[in-house]
Each structure stands twice: as structure tokens, then as C-alpha cells.
Amino acid sequence: MSFLGVETSLTGREWLGPGVEIDRAAEMLVQATGLPRAVAQVLARRGVDADGAEGFLAPQLRDLLPDPRGLRDMEKAAARFLAAVEARERIAIFADYDVDGGASAALLIDWLGQAGITAKLYVPDRIDEGYGPNAPAMAALAEAHDLIICVDCGTLSHDAIAAAAGTDVMVLDHHLGGETLPPAMAVVNPNRQDESGDLAHLCAAAVVFLMLVEAGRQWREGAGRQGPDLMAMLDLVALATVADVAPLVGVNRAFVVQGLKIMARRGRPGLVALADVARMDTAPAPYHLGFLLGPRVNAGGRIGKADLGARLLACRDAGEAQAMAERLDQLNTERREIEETVRAAALAQAEARGCDAPLVWAAGEGWHPGVVGIVASRLKEATGRPAVVIGLEGDEGKGSGRSVSGIDLGAAVQRLAAEGLLMKGGGHRMAAGLSVARERLEDAMARLSELLAKQGADRLGPRALLLDGVLMPGAASVELVERIEAAGPFGAGAPAPRFAFPDMQITFARRVGESHLKLGFGDGMGARLDAIAFGAFDGPLGPALEGHGGARFHLAGRLELNHWRGRTSVQLRLEDAARAGA
């Protein structure tokens, strides 16, 4: 049954509230714990009962960290890593060019640096080399190194790893594995086909962290030595977890909560410099990691020097870090300009092709490979369908895809590669990368659409707006929002709670910038709140509320704290609205 009777909102969505079971569980939580009803609703939706509430609201790594030895090849990988350290061997780190790869590399560089070892960092160029290990690079690294550690890549790189003959290679990754493993001495990956899948939500940096935990244990037990302080490295794990859109469940919650505390101490020069150029003026939160820091770290791999992000995260010199952060900030600005050009062209092409197919896709001449993933994400958000965007150059296209909940894009792309329709491809449930011959493009996308249809992508309707309950403006206090935030962090796999404010009177509404809406609303009895709706004028929401004409509306969105000139206030991040009584 529709929540507040809203079957079709201003954005075309049905509103769905918590079911009877959730309401009942929330009431039991309120009675047993004394938590505010709004907080209890959030916990109940996540399946948390009264006994687990305290631990959930204060996640501790000691309670949630899995035993690293639960992953295949972990003990072997950690032992080989320690052997290289103790023998002062020459170590190379081959990392992916995104935030997860950069953070993974920085974790190893940091740990090794404290042990007195300088590792060689190698990050492939996105355009010239593409994703993952390649045979020429691996062969060259093997000639000068005794151990190569591939992070956030390598699970499907059979030929490239074989090219490193004579040198040990270990893989620390999280991307979907194939039926066979590459010829590495160890492949630690929670998404290997022979793994249970219990830790499939880990990003690569988390896998690296677990390897370092196991290495520390082996060092203590075998040599009585104490390794570097791993807790101080959780800022990198938190950044990678959020930026790689890993589900914020289980140990990932503790990684992010504890990592944000470490980040707030401003002890890592690279992150300090990056936060400063991004003009972060409040304590770090998941939003900052995903939308301010992450895109800047990624900018080097997208359109600049591939290893710049990893080098910044590993940098210990404040002056060098500042210079690199400023360069990444500049590249991020350039990236946004390129992205907007490609986004407009891709959306027009996708709309002409039709946005109700199981797959929404677009391909264009010379589209920069560094922005196709971001544009695919924009198409997915605009259409509610899995999306693939491909940049064509010469006889080849390089593309990236983003999926929606319930549709495993990575597996479909991997199947496509196995069928020979792609030159290569892989990924995970929510994202994938691929290379395709120009002459096979149409056939490959038709087959991918067919595979996604079998998963139900052709039956995806307008996404319902899931709401956690009703609030009134007078109840939306700073204290309440702080207590709701303690139920986070919120993000992938743990959506931020959304509340409806019923039958509200609009007190003012004005356009901000090109497409945003700022408004005030109240209950007519003196209590009021401010709200912001980003991109409201890109659809019907902005015009309808701006021209409200005195009508009353149900308003829905997420509560957040607004810090301005030393004052903290509550505002609603408005996502949808519906006419009251309609």
C-alpha cells in the first residue's frame, strides 16, 4: 500500500513505507532501549534488535574483523610478503588507477616504508595500457624485482602474470574470478569462485589490510616482532571502501567509522592536502570521501598521470603532497568539463535508442576512456537501467558499465568475454569494464542486453521511494540527526534513511544556480525547516514547487546537518514531493 497515499509523486514514483513487521520491531526497540522512534525505524529496517543495537551504533573492528585466514591463499601470501621484507628483496606493486587501487598501493608502501623498504610503484596508463597487468609491463618488472604484488587487479590476468616468469607474483584483489586462476603464487580474493562469498563486499584495500593483519600476526608469532600500527592506516581503507562503492555492511561499517576518526586527526599529508584543496571545513564524513576526495584521487588515472593519486596517498612530505593535490584538483576540474560534453552526447544517443530496454548504452568517437564510467553512472541514474558507455578509437572501443540493484553486470560482461564478443571484460555486480572490436559493437551490446533481460532488467519499473517513516519539522532537531547518523555510515548497501514530512506549507521557494531549488516549509503551527533539492529543475520537481501557488505538499528526503558560519542547523535534502490530498 502506498505511503501517505502517494502512488505517483512529482517525479513519477510510488512511495513505500515500512511494513507492519518493521513498525512492530521499531516499537519494541523504542521500549527496550529508549531510542528515538526515527532511529529505531532505521535499525529495524536493518534487522537490528534490542540486543544488537548498542554494538550496531558503535561498530568496533575488534568485534567485526574477520579472521584473514578465512580467505584462500592468505597465509601463503602473508608469509611470502614477510620473507621478502626480511630478505630485503626488491618489491614492485602493480596497482589499478582508481581510488581503491591507489589506496591499496599506499597501504603497502606505507607499511614497507616503516619497515625500511622502498617499493616500486607501477600504475598502467588507462589509455595506452588499459586496466590490469599487461605482459610487457609485467615482464619488465620481473627483470628487476623479486616479488610483484598486484592490487585491485590481476585475477583474470593469466597471460600477463605468466609473462613475469622467474618472479613471484601475488594478487590481492576483489573483482570476480574466472573458472581458473592466473599462475600467481597466491591469489587472495573474496570473489574467487571457490570462496564462500561471505566477504564478497570487501574492496581491494580491505583485502590488503587483512593481508597486513595476517603478516603482523605471523611476525609476532614467528619472530616476536611488532609491525607498523595498522589502525593508523584505516583512513585509506575507509576512503577506498566508500569511493569504490563497497556495501557498507559488516566489517565495512567499522572500517569507515574508525577510518573517519583517523582521518580527522589529519596525520596523513596526502589526505590533508587533498582535503584542503577540496575546501573541506568540517569533520570528514562518507560524503566527503565519495564526492570530494575520491573524484580528485581518481582524476589522475582518468585524464592525467596514472600514478598521481597513489603517490599522493602514500606521500609523507607536506610540500610534495600539496603540489600533487593542487595538480589533482586541476585535473578534476578538467575531468568535469570533459564529462559534461560526453554526458550530453551519450544521453541524447541513449534517448534516441530508447531508455526502456534492459540495457541503456551509448558509444562515441573519441570519448575519453577516463570519463566513460562516470557517464555510465549518470545514465544509470537517469534511466534506472544498467548502462554502458564506450569510447571508440580506431578499430577498438573501451567502455565502462554501471548496474542497478539486483542486476549482476559483472557476471554478464564476463560471460560476454567468454563467448568471444568482447576482447576482454570483467568487473563485479555493480560495475564492469570492457574492450570491444568496433565491428562487434552492435552484436556485443545486443547480446549483453539479452543477458541482462534474463536477470529481469527488462522488467524494471520506476523505482519506488522507500521511506522510513513520518517526521514533523519540530522533531527534526540537531540531536536527532546526530543520533540517526550514528546508525550509519550510509551509502551503498545501506541507504540513508528517508523521511516524509506530510501536508507541509511552502513558505518560500527559489532557484539556486542553474538547476537547484532552495525552499522553506512548515507545519502551519510555527515549526519550520529549510530544504535543498539538487537538480530539481532538471525535472518536474523544481517547477512544481517553485510555482506552488499556496498548495500544500508531502515532502520526502534525507535529513542532514548544515554547518554555516559557526552555526549548525538541520536541513532536508529534498528528493521528492507529492501534492497533499491529491
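Draft legend 1. Inspection of the overall build of the chain at higher detail. Within the chain one finds 20 helices and 18 strands. Taking 25 Å as the expected radius of gyration for a compact globule of 582 residues, we find that the chain reaches 24 Å, a close match to that expectation. Along the first, second and third principal axes, the C-alpha atoms of the chain reach 75 × 60 × 45 Å. Put simply, the chain has 582 residues, and 56% of those count as buried. When the accessible surface of the chain is summed, it comes to about 24,300 Å², and 49% of that surface belongs to carbon and sulfur atoms. Mean positive and mean negative side-chain charge positions of the chain (60 and 74 charges, respectively) differ by 3 Å.

Draft legend 2. Examining the nonpolar core more closely. The biggest cluster of nonpolar side chains holds 91 residues, and the ones touching the most others in it are F81, W111 and M211. With 11 residues, helix 9 (residues 204-223) is the single largest residue contributor to this core. Once residues lying within four places of it in the same chain are set aside, the contact partners of M211 are M74, A77, A78, F81, L108 and L172. Ranked by size, the runner-up nonpolar core spans 42 residues in total, among them A26, L517, L574 and A577.

Draft legend 3. Expanded view of the environment of P228. Residue placement: P228 occurs in the loop between helix 9 and helix 10 (234-243). By relative accessible area, which is 15% here, P228 ends up buried. Linking P228 and W111, residues 117 residues apart in sequence, is a C-alpha distance of 6.2 Å. Apart from residues lying up to four places away in sequence, P228 is in contact with W111, Q114 and M233.

Draft legend 4. Region of the structure containing the packing of aromatic side chains. Applying the stated criterion to the full structure yields 6 aromatic pairs. Between the aromatic rings of W111 and W219, the centroid separation amounts to 5.4 Å while the plane-to-plane angle is 35°, which identifies the pairing as tilted. A residue pair is termed long-range when its members are at least 10 positions apart, and W111 in helix 6 (residues 99-114) and W219 in helix 9 qualify at 108 residues. For W219, a relative accessible area of 4% corresponds to the buried category. When the ring of Y287 is compared with that of F291, the centres are 5.3 Å apart and the planes differ by 25°; the resulting orientation is stacked.

Draft legend 5. Molecular detail of the sheet that holds strand 10 (residues 424-428). Read from one edge to the other, the open sheet built from 5 strands follows the order 7-8-9-11-10, with strand pairing classed as mixed. Either end of the sheet is taken by a strand with one partner, and the two such strands are strand 7 (360-365) and strand 10. Direction aside, the axes of adjacent strands within the sheet are offset by 15° on average. Sheet topology note: the strand 7/strand 8 (residues 387-393) ladder contains 6 bridges and is parallel. Within the sheet, the bridge partner assigned to A363 lies in strand 8 and is I390.

Draft legend 6. Representation of the packing of helix 5 (residues 74-86) against helix 9. Direction vectors running N to C along helix 5 and helix 9 enclose 65°, while the axes themselves pass 9 Å from each other. With respect to each other, helix 5 and helix 9 are oriented roughly perpendicular. The way helix 5 lies across helix 9 gives a crossing that is right-handed. Contact with helix 5, carried on its side by M74, E75, A77, A78, A79, F81, L82, V85 and E86, involves V207, L210, M211, L212, E214, A215, Q218 and W219 of helix 9 and no other residues of that element. Here the residues of the contact of helix 5 with helix 9 are counted per class, giving 13 nonpolar, 1 polar and 3 charged.

Draft legend 7. Highlighting helix 11 (residues 251-264). In this model helix 11 runs 20 Å from its N-terminal to its C-terminal C-alpha over 14 residues, within 8% of the 20 Å that 1.5 Å per residue would give. Among the 14 residues that make up helix 11, 11 are buried, leaving the element largely enclosed by the rest of the structure. Here helix 11 has its buried residues at V251, N252, R253, A254, F255, V256, Q258, G259, L260, I262 and M263. Residues of helix 11 that are buried make contact with helix 3 (50-57), helix 4 (61-64), helix 9, helix 10, helix 12 (269-277) and helix 13 (286-303). A positive backbone phi angle near 55° is found at R266, which sits one or two residues after helix 11.

Draft legend 8. The arrangement of the side chain of N332 in detail. Note that N332 resides in helix 15 (residues 318-353). Since its relative accessible area comes to 1%, N332 is described here as buried. At 2.7 Å, the side chain of N332 and the side chain of R335 are in polar contact. For N332, the contacting residues outside a window of four places in its chain are P295, R296 and A299.

Draft legend 9. Local environment of the pattern of salt bridges. Following the criterion strictly, the structure yields 38 salt bridges and no others. Across the salt bridge formed by R80 and D168, the nearest N and O atoms sit 2.7 Å from each other. Of this pair, R80 sits in helix 5 while D168 sits in strand 5 (residues 168-172), placing them 88 residues apart in sequence. In this structure R80 comes out as buried when scored by relative accessible area, which is 14%. A salt bridge links E575 to R498; the nearest nitrogen and oxygen atoms lie 2.8 Å apart. Residue E575 is found in strand 18 (residues 567-579), and its partner R498 is found in the loop between helix 19 (478-485) and strand 14 (499-512); the two are separated by 77 residues along the sequence. Taken as a pair, E575 and R498 share a single burial class, namely buried. Linked through salt bridges whose partners overlap, the residues forming this network are D67, R69, E75, E214, R217 and E221.

Each value, and the rule that gives it
- Each chain carries its own residue numbering, running from 1 in the direction its sequence is written.
- Predicted model: local features are reported for residues with pLDDT of at least 70 only, side-chain atom pairs are reported and counted for 80 or more only, and whole-chain, interface and lining totals are derived from all residues.
- The basis for every side-chain value is the complete set of heavy atoms in the structure, and neither hydrogens nor water enter the calculation.
- Here a strand is any run of E in DSSP of at least two residues, a helix any run of H or I of at least four, and the numbering for each starts at the N terminus.
- Just to be clear, the radius of gyration here is over C-alpha atoms, and the globule rule we use is 2.2 Å times residues to the power 0.38.
- We call a residue buried when its accessible area falls under 20% of the maximum for its residue type, exposed when it is over 50%, and partly exposed in between, using a 1.4 Å probe and counting protein chains only.
- The Shrake-Rupley method, run with a 1.4 Å probe, gives the accessible areas here. Residue values count only the displayed protein chains as cover.
- In summary, the charge assignment counts Lys and Arg as positive and Asp and Glu as negative, without counting His or the chain termini.
- To locate a charge, take NZ of a lysine, CZ of an arginine, CG of an aspartate or CD of a glutamate.
- Residues grouped as a nonpolar core are buried Ala, Val, Leu, Ile, Met, Phe, Trp, Tyr and Cys residues, joined through side-chain atoms within 4.5 Å.
- Any two residues whose heavy atoms approach within 4.5 Å at even a single point are treated as in contact.
- Put simply, two rings from Phe, Tyr or Trp (the six-membered ring, in Trp's case) pair if the centres are within 6.5 Å, and we call them stacked under 30 degrees between planes, edge-to-face over 60, tilted for the rest.
- Pairing between two strands is assigned when DSSP locates at least 2 bridges connecting them.
- Axis geometry follows a simple rule: fit a line to the C-alpha atoms, using only the stretch in contact for helices, then measure angles between N-to-C directions, giving values from 0 to 180 degrees.
- Oblique is the label for every angle not falling under 35 degrees (roughly parallel), over 145 degrees (roughly antiparallel), or within 65 to 115 degrees (roughly perpendicular).
- We call a crossing left-handed when the near helix sits turned anticlockwise from the far one by less than a right angle, and right-handed when that turn is clockwise.
- Under the convention adopted here, Pro, Cys and the residues Ala, Val, Leu, Ile, Met, Phe, Trp and Tyr are nonpolar, Asp, Glu, Lys and Arg are charged, and Gly plus all remaining residues are polar.
- Expected span of a helix: the number of residues minus one, times 1.5 Å.
- N or O atoms closer than or at 3.5 Å make up a polar contact, with two conditions inside protein: a donor-capable atom paired with an acceptor-capable one, and, for residues adjacent in sequence, both atoms drawn from side chains.
- Between Lys or Arg on one side and Asp or Glu on the other, a salt bridge is scored when a side-chain nitrogen of the former is within 4 Å of a carboxyl oxygen of the latter.

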